[in-house]
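Remarks on the overall topology
Residues per chain, in single letters:
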Amino acid sequence: VSDDRLADTQYTLGKVLMKLKRRDEAFAHFEEALKLRKKRYGDEDLLVANVLGEMGNIYDGHRDYEKALSCYNECLRVRQMHLGNCESVGDMFLKIGNIDQMLEDNESALENFSSALGIYKSVLGEESPGVAKVLNSLGVIYDAQNDLRTALKYYKEAHRLRKSNFGEDSMKVAGSLDNIAGIYQKQSQNDKALKCLKEALRIRTLKLGKEHVEVGTTLFGMGIVFSEMGDLDKAEECYNASLRIRKKGHGESSIEVAQTLHNLGSVHAMKEEYSEALQCWRNSLGMCREAGLADDHRMVATTLKNIEIAANYLEEQEQHF
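Every value quoted in this text rests on a predicted model; they were computed, and no experiment measured them. (Residues numbered from 1 in each chain as written. Predicted model: local features only at pLDDT ≥ 70, side-chain atom pairs only at ≥ 80, totals over all residues. Heavy atoms only, no water.)

So, about the overall build of the protein chain. Each helix and strand in the protein chain was counted, giving 15 helices and 0 strands. With the principal axes as the frame, the protein chain shows a C-alpha extent of 90 × 40 × 35 Å. For the protein chain, buried positions account for 44% of its 321 residues. Pairs at least 24 apart in sequence give 54% of the contacts found in the protein chain among residues at least 6 apart. For the protein chain, the exposed surface amounts to about 16900 Å²; the carbon and sulfur share of it is 47%. In the protein chain, the 43 positive side-chain charges and the 51 negative ones have mean positions that sit 6 Å from each other. (Helix = DSSP H or I, 4+ residues; strand = E, 2+ residues; numbered from the N terminus. Buried < 20%, exposed > 50% of the residue type's maximum accessible area, 1.4 Å probe, protein only. Contact = heavy atoms within 4.5 Å. Areas by Shrake-Rupley, 256 points an atom, 1.4 Å probe, with all protein chains shown as cover. Lys, Arg positive; Asp, Glu negative; His and termini not counted. Charge placed at Lys NZ, Arg CZ, Asp CG, Glu CD.)

Quick look at the structure:
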């Protein structure tokens, strides 16, 4: 069997294993395909580029970003040489930009996202899903830089394109609504944030069912907004619904449950229900410590302070009466 056939077989096996989410096994096949193809055709073969792209995906999944970048950049170089500005080249610019963002190199991320955007608009069209994906990524960058006006502009345009391409009940639309809601919260426009989250909740309940953990996360977000609006009964209702779903989906003692109990305790405290607040915070603290979080972790430190204040208040009340 020729080296070409062997390389193709190894590459195909790797792709199949990737679909089965057996990444480590896939990596071994990609390495073998890379060695065979490089031996016969050198570093600038198109299949070599494709294999490097797949290996980059695996490194990316393992959060080994430096190795992922190395693979992606070499893949990009060879693809551009063979294919020019095509969709797969745009895909690679987008992946590199996403890693730049993870590494907090926002300047490089913006440059790569802009390259991806130009290619997608040219090759796929101004209204394509690929354009929506890049616009959303640009929104994330500006959001992280606290340029809320620019972030909101990109998030809204991504939302519009996602609705146009995938329909108003798409999970991608729900993701955009989350992002827009986050900006409105930062701008203290809680009514607008709540409207977005309610629509995201409708979509997720429709698509995933009312017991799904993503529904629980959306309810948690709504609890935060209701709390900020001073509607404590609604906030408590949302947190309790989120708590039930998160216990079922993540486990009775998960960090997600601890986080929900922490916030629920704060609602009870604002309602001057200090015994209930103390119980929530103590349960939350136990779960955080069980998960290995240190006392200087932000949520743990806040919970400890809250417990101290509530316990002292209740002790004073007992002494008073």
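In this section: the side chain of Ser227. Along the chain, Ser227 turns up in helix 11 (residues 213-229). In contact with Ser227, other than residues within four places in its own chain, are Leu232, Ala235, Val267 and Met270.

Once that is clear, we can look at unusual backbone geometry. In this structure, Lys21 takes a positive phi of about 65 degrees despite not being glycine. In this structure, Lys21 sits in the loop between helix 1 (3-19) and helix 2 (23-41). Assessed through its relative accessible area of 73%, Lys21 is described here as exposed. Backbone geometry places Glu272, a non-glycine residue, at a positive phi of 60 degrees. Within the secondary structure, Glu272 sits in the loop between helix 13 (255-270) and helix 14 (274-290). When its relative accessible area of 60% is taken as the criterion, Glu272 is described as exposed.

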